[in-house]
Amino acid sequence: MIVGDPESFAIESAITMAIADTSQRALGFFIVHIRGSVFGVRTPDASMLACSFDEVKRRLDGRGTHRMPNLSGIDAPLVAEAVLDAIYGNSGRSSYFGMTSSEFTDAIYGNRLIWAPDGDEAFDDGSHILQFDVEDRVRLLAFRNLDCRTDAINSLREAWIEGDAFYRVLADWSALFAEEWTGTLREANTTGPH
């Protein structure tokens, strides 16, 4: 199932096996398309999908709160590099757009700017997706944390999307996934062993 436009922004998922336990929900894959690039692992057994589903629900519930105004005008490669440095690096960098490393990471996590990785193995390809709510639009930055910093920056994709359109994709995918999950469970219960 795919919701949205892969050339701009879309969510794609597939359920290989539905699981009644909501802490797991299903085995399958969850990927995000941003400007024609795929972020996430697309294999039938990539991940349990509960974290990805729950994170989409949290993003919907937190609409408008994923803010860091001092980054909204900063070039995408500089933001991506700063996030990688602050979270993973030992660059010795002392300032992140006027903030210390701890202030910067606190703001990133406190405003839930990191959509992916989301806790599932869905993004074991090194994908990172940042979401910024900027007035009535959403800015997405997606890249892969690769061994070489240059390769990570070269993987970077940026999309500016109208807020209503972005959140509609999340809401539509969430509803369709829930419907597919319950339908797959129901089918398994009626065709399974009695």
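If you're wondering where the values come from, they're calculated on a predicted model, not measured in any experiment. Residue positions are given per chain, counting from 1 as you read along its sequence in written order. Per-residue local features are limited, in this predicted model, to residues with pLDDT of at least 70; the limit for side-chain atom pairs, both in listing and counting, is 80 or more; totals at the level of whole chains, interfaces and linings are taken over all residues. To obtain the side-chain values, all non-hydrogen atoms of the structure were included, while hydrogens and water were left out.

### A word on the pattern of salt bridges
Here is the rule we go by: By definition, a salt bridge exists where a carboxyl oxygen of Asp or Glu is found within 4 Å of a side-chain nitrogen of Lys or Arg. The numbering of helices and of strands both runs from the N terminus, where a helix is a DSSP run of H or I of at least 4 residues and a strand a run of E of at least 2.
Summed over all chains, the structure comprises seven salt bridges. Between Arg144 and Asp125 there is a salt bridge, with the nearest N and O atoms lying 3.5 Å from each other. In this pair, Arg144 sits in strand β8 (residues 137–144) while Asp125 sits in the loop between β6 (114–116) and β7 (127–134), placing the two residues 19 residues apart along the sequence. In this structure, the salt-bridge partner of Glu158 is Arg139, at a minimum N-O distance of 2.7 Å. Residue Glu158 is located in strand β9 (residues 157–162), and its partner Arg139 is located in strand β8; the two are separated by 19 residues in the primary sequence. Overlapping salt bridges bring together Glu55, Arg58, Arg59 and Arg112 as one network.

### Notes on unusual backbone geometry
Here the residue pair Ala116 and Pro117 is connected by a cis peptide bond, since its omega of 5° sits within 30 degrees of zero. Structurally, Pro117 is set in the loop between β6 and β7. A positive phi angle, close to 55°, is found at Phe97, a residue other than glycine. Within the secondary structure layout, Phe97 lies in the loop between α2 (76–88) and α3 (101–110).

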